[in-house]
Amino acid sequence: MSATAAVPPVETPFRRFVSEFCASPLAVGGLVVFVIIALVAILAPWIAPQNPYDLAVLDIMDGRLEPGSVGGSGITHWLGTDDQGRDMLSGIMYGLRISLVVGVGSAFIACLVGASLGLLAAYAGGRTDSVIMRLVDLQLSFPTILAALMILAFLGKGIFNVVIALVIVEWAYYARTVRGSALVERRREYIEAAMCLALPTRRILFNHLLPNCLPPLIVVGTMQIARAIALEATLSFLGLGVPITEPSLGLLIANGYEYMLSGKYWISFYPGIALLVTIVAINLMGDQMRDVLNPRLKK
Amino acid sequence: MALYLLRRLTQSGFVLVAMSLLVFLGVYAIGDPIEILISPDADQIEKERAIRALGLDLPLWQQYLVFVGKALQGDLGRSFVFNEPAIQLILQRMPATLELAFGSMLLSILIGLPLGLYAGLRPNGALSKGIMAGSILGFSLPTFWVGLMLIMVFAVQLGWLPSTGRGDTALLFGIPWSFLTRDGLSHILLPAINLSLFKISLVIRLTRAGVRETMLMDYVKFARAKGLSPFRVTFVHVFKNIMIPVVTVVGLELGGTIAFSVVTESVFAWPGMGKLIIDSINVLDRPVIVAYLMMIVLMFIIINLAVDILYTVLDPRVRLEAKA
């Protein structure tokens, strides 16, 4: 902190946020790990030892090899292979792609939907507010896993359906968060001024009200990405999530489940570690962001 | 109080109607009801007879009324797989789920309270920091993966505990329970720990926050000034006051625990409602799916109602608000 104070740059809210965020080594570690994971996921087709979907390169003779053994094709399988002879390291890299896309994508869409409805509820008030908030209450009174289960039981498997289910179970968190802060901001003078200028409602909502409700939204959004990834993995593990042709981490773990009892731990263990590291990294960032962005904790 | 109760009951009624409509629409309107309710092996004539018998040629709103009417009589269709009434299948498996849920709640209190108390009394100790870090892990670890790891360590590597099934059961009130036998207890231990991890973390955090808050209260200071032993201050003055929020929150979690047992039951092959629904979804045994969803919705509405009423009984402030 003293270093930044010695050479005072122009203090913008963003810079202040960055310097306070960096005060926690754990959070910075989380960020670094998350960036690495994201890079691995994005670059998987170029850096993975094997394309796990290309049936031509899979050899069933390489099935269930132990970590570190060399397969028939000359590749060293550092994390072993699954029952199809698929290199686990490559499988995890590709699985991360799907897990991250589903997690981040659904959190983003849920945020759009939830934040819009929350803003609308706070701004319009009255009946609109109570209808939206009743829906939020209803949604939150049911555990997410159950609601997601219900939706997927109707819609069936598929990446797109999982995203829909995750959006439906998650929008309420965003709506409640945004409404809470928007209710406070709404009474501020700048909103009154904007209303006196007879600006269009949409502009007041998204240009004036929303930016001031962002901090808690960012915190909830970060945590919800972790939750979405965990929930997707859970649903896929139960066989309700992504289809077998596009295995996410959860499905990889499920594939190894039956071999676990015979001591072939690596098929489930390593995808689980990848999942775990991803979730913990996001949560560490989110924890610090909550502390930094919470006005009540400001000294 | 009577007015509040009435209002709350009406609300619950509305939610129940709304949810039944959702389930109905989900199964009857989004999916193809013929495919859902009639066995796929049926031929054309059987199909037509079944369509008429099930009233699928009626307009949608009439179908809904028929569905509700039958549901009220406890008839939610027959399972394709077991060829038994769906509701009966679910009721048979309910004790296993409840047993698991209550077992895990008990564990969460037994483990979470002492750890939280310690972390609250010595907030800066190394052990306390370890406990708190552990509770973060408890929140972020996916339940199913922890379950797999428990199986790997305690069932496969160490061979201490069995990993699947309920084990021996003993009858109580005509219902088989696992916790009454030694073998059953050893079977329930791993799944119960798995299911309780999240709640242990929750109880640790609540207890710690409660202890730290209560320690600063005037009555605690007064008790200490009076020269009472630290033991008495902790366990009589502090403990009593933190118990109220902890017990309420753990009680509130009952519904979530039952819901999450879906995951634990699948991992440990525990023959409860949760495993039944997953199996049913995987083989498209839709009458069971509908029945499970309706049962769980009803259960949730009852739990929420009970918690709200208990709240008003326990906490006079809520009662006053409701009157105002």
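Residues numbered from 1 in each chain as written. Chains lettered and ligands numbered in written order. Predicted model: local features only at pLDDT ≥ 70, side-chain atom pairs only at ≥ 80, totals over all residues.

Here's the deal with the overall build of chain B
Link 1 in the chain: The helix and strand inventory of chain B stands at 13 helices and 2 strands.
Link 2 in the chain: When the 324 residues of chain B are sorted by exposure, 36% land in the buried category.
Link 3 in the chain: For chain B, contacts bridging at least 24 residues in sequence account for 68% of all contacts bridging at least 6. (Helix = DSSP H or I, 4+ residues; strand = E, 2+ residues; numbered from the N terminus. Buried ≥ 20, exposed ≤ 12 C-beta atoms within 10 Å, placed from the backbone. Contact = placed C-beta atoms within 7 Å.)

Quick word on the overall build of chain A
Link 1 in the chain: Looking only at helices and strands, one finds 11 helices and 2 strands in chain A.
Link 2 in the chain: Secondary structure elements of chain A occur, N-terminal to C-terminal, as α-α-α-β-β-α-α-α-α-α-α-α-α.
Link 3 in the chain: Out of the 299 residues in chain A, the part that is buried amounts to 46%.

A short note on the packing of helix 10 (residues 249–260) of chain A against helix 7 (residues 143–157) of chain B
Link 1 in the chain: In contact at an axis separation of 11 Å, helix 10 of chain A and helix 7 of chain B are set at 15° when each is read in the N-to-C sense. It follows from the interaxial angle that helix 10 of chain A and helix 7 of chain B lie roughly parallel. The way helix 10 of chain A lies across helix 7 of chain B gives a crossing that is left-handed. Residues Ile253(A), Tyr257(A) and Met260(A) of helix 10 of chain A pack against Trp145(B), Leu148(B), Ile151(B), Met152(B) and Val156(B) of helix 7 of chain B.
Link 2 in the chain: Looking at side-chain class alone, the contact of helix 10 of chain A with helix 7 of chain B contains 8 nonpolar, no polar and no charged residues. (Axes fitted to C-alpha atoms, helices over the stretch in contact; angles between N-to-C directions. Parallel < 35°, antiparallel > 145°, perpendicular 65-115°, else oblique. Left-handed = near helix turned anticlockwise from the far one by under 90°. Nonpolar A, V, L, I, M, F, W, Y, C, P; charged D, E, K, R; others polar.)

What to know about the interface of chain B and chain A
Link 1 in the chain: Taken residue by residue, the interface counts 32 residues in chain B and 31 residues in chain A.
Link 2 in the chain: When residues of the side of chain B that touches chain A are traced back to their parent elements, those giving at least two are helix 1 (2–30), helix 6 (126–140), helix 7, helix 10 (230–268), helix 11 (273–282) and helix 12 (286–314) of chain B.
Link 3 in the chain: Here the residues of the side of chain B that touches chain A are counted per class, giving 22 nonpolar, 10 polar and no charged.

Some details on the environment of Val178(A)
All names here are of chain A.
Link 1 in the chain: With respect to the helices and strands, Val178 occurs in helix 7 (residues 159–186).
Link 2 in the chain: Classification of Val178 as buried rests on a count of 28 C-beta atoms within 10 Å.
Link 3 in the chain: Measuring from C-alpha to C-alpha, the distance between Val178 and Leu275 comes to 29 Å, with 97 residues separating the pair along the chain.
Link 4 in the chain: Leave out the neighbours within four places in its chain, and Val178 touches Gly114, Ala115, Gly118, Leu119, Cys213 and Leu217.

Some details on the environment of Val10(A)
Link 1 in the chain: You can see Val10(A) is positioned in the loop between helix 1 (2–6) and helix 2 (13–21).
Link 2 in the chain: In sequence terms Val10(A) and Glu185(A) are 175 residues apart; their C-alpha atoms lie 26 Å from each other.

Concerning the nonpolar core
Link 1 in the chain: Residues Ala148(A), Leu166(A), Tyr174(A) and Tyr292(B) are the most contacted members of the largest nonpolar core, which totals 155 residues.
Link 2 in the chain: When residues of this core are assigned to their parent elements, the largest contribution, 18 residues, is made by helix 4 (residues 88–124) of chain A. (Core = buried A, V, L, I, M, F, W, Y, C linked by C-beta atoms within 7 Å.)

Section: unusual backbone geometry
Link 1 in the chain: Phi at Ala198(A) takes a positive value of approximately 55°, unusual for a residue other than glycine.
Link 2 in the chain: Along the chain, Ala198(A) turns up in the loop between helix 8 (189–196) and helix 9 (201–237).
Link 3 in the chain: The backbone of Ala269(B) sits at a positive phi, close to 50°, despite the residue not being glycine.
Link 4 in the chain: Tracing the sequence through the fold places Ala269(B) in the loop between helix 10 and helix 11.
Link 5 in the chain: Using a count of 12 C-beta atoms within 10 Å as the deciding quantity, one classes Ala269(B) as exposed.

Comments concerning helix 3 (residues 25–47) of chain A
All names here are of chain A.
Link 1 in the chain: Relative to the 33 Å expected for 23 residues at 1.5 Å per residue, helix 3 spans just 29 Å between its end C-alpha atoms, considerably shorter than the ideal helical length.
Link 2 in the chain: For helix 3, the principal kink sits at Ala41 and spans about 45°; a proline, Pro45, occurs within the next four residues.
Link 3 in the chain: All buried positions along helix 3 are accounted for by Ala27, Gly30, Phe34 and Ala41.
Link 4 in the chain: Turning to helix 3, the residues buried within the fold contact helix 2, helix 4 and helix 11 (266–293). (Expected span 1.5 Å × (residues − 1). Bend = angle between axes of the 7 residues up to and from the residue.)

Description of the packing of helix 6 (residues 144–155) of chain A against helix 7 of chain A
Residue and element names in this part refer to chain A.
Link 1 in the chain: In the contact formed by helix 6 and helix 7, the axes pass within 9 Å of each other and the chain directions differ by 140°. The handedness of the crossing between helix 6 and helix 7 is right-handed. For the pair helix 6 and helix 7, the contacting residues are Thr144, Ala147, Ala148, Ile151, Leu152 and Leu155 in the first and Asn161, Ile164, Ala165, Leu166, Ile168 and Val169 in the second.
Link 2 in the chain: Of the residues in the contact of helix 6 with helix 7, the class split is 10 nonpolar, 2 polar and no charged.

Digging into helix 10 of chain B
All names here are of chain B.
Link 1 in the chain: The end-to-end C-alpha distance of helix 10, which contains 39 residues, comes to just 43 Å, noticeably less than the 57 Å that a straight helix rising 1.5 Å per residue would cover.
Link 2 in the chain: At Phe239, helix 10 shows its maximal bend, which comes to roughly 45°.
Link 3 in the chain: Immediately beyond the C-terminal end of helix 10, within one or two residues, lies Ala269, with a positive phi of roughly 50°.

Brief notes about the confidence of the model for chain B
All names here are of chain B.
Link 1 in the chain: For chain B, mean pLDDT is 78; residues scoring 70 or higher make up 86% of the total.
Link 2 in the chain: For chain B, per-element mean pLDDT is lowest for helix 13 (residues 316–323), which scores 55, and highest for helix 5 (residues 86–121), which scores 86.
Link 3 in the chain: Listed scores for the predicted complex are pTM 0.81 and ipTM 0.76. (pLDDT = per-residue confidence, 0-100.)

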